[in-house]
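For reference, the chains in residue letters:
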Amino acid sequence: MIIAGASLVGLTIVASVLLRAWQGWLALKRQELERHYAPDDEKAGLSLGAARIEISDLKERIKKLEAIASGVDL
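Each value, and the rule that gives it
Residues numbered from 1 in each chain as written. Predicted model: local features only at pLDDT ≥ 70, side-chain atom pairs only at ≥ 80, totals over all residues. Heavy atoms only, no water. Helix = DSSP H or I, 4+ residues; strand = E, 2+ residues; numbered from the N terminus. Buried < 20%, exposed > 50% of the residue type's maximum accessible area, 1.4 Å probe, protein only. Areas by Shrake-Rupley, 256 points an atom, 1.4 Å probe, with all protein chains shown as cover. Patch = residues over 30% accessible without salt bridge, like charges linked within 9 Å, V, L, I, M, F, W, Y side chains within 5 Å. Salt bridge = Lys/Arg side-chain N within 4 Å of Asp/Glu carboxyl O.

Draft legend 1. Fine view of the overall build of the protein chain. Along the protein chain, the regular secondary structure elements total two helices and zero strands. Counting every position in the protein chain, which comprises 74 residues, the buried fraction comes to 3%. Accessible area of the protein chain: about 7,000 Å², with a carbon and sulfur share of 66%.

Spelled out as structure tokens, the structure:
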């Protein structure tokens, strides 16, 4: 009975610590997103443009990989 109670207390402690860590990680990611997409930031336009270029490059790579997978030569 003591072992079961101690295990339950230990499991509760571990679960609460993991929940707290998860919430901290989510808060960190939220801050990163707010900082990255802040409209007051004068670099926001530049980083958004760079992100669009990167996305277009990734789309081009995906098209090439799909063509290779289907056996079509580019």
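Draft legend 2. Here's a closer look at a nonpolar patch on the surface. Taken together, the side chains of Leu19, Trp22, Trp25, Leu26 and Leu28 define a hydrophobic patch exposed on the protein surface, amounting to about 510 Å² of accessible area. Note that Trp25 resides in helix H1 (residues 2-36).

Draft legend 3. A look at the pattern of salt bridges. Under the definition given, this model contains one salt bridge. The salt bridge involving Lys29 is made with Glu32; its shortest N-O contact spans 3.4 Å. Residue Lys29 and its partner Glu32 are located together in helix H1, separated by three residues, close to a single helical turn.

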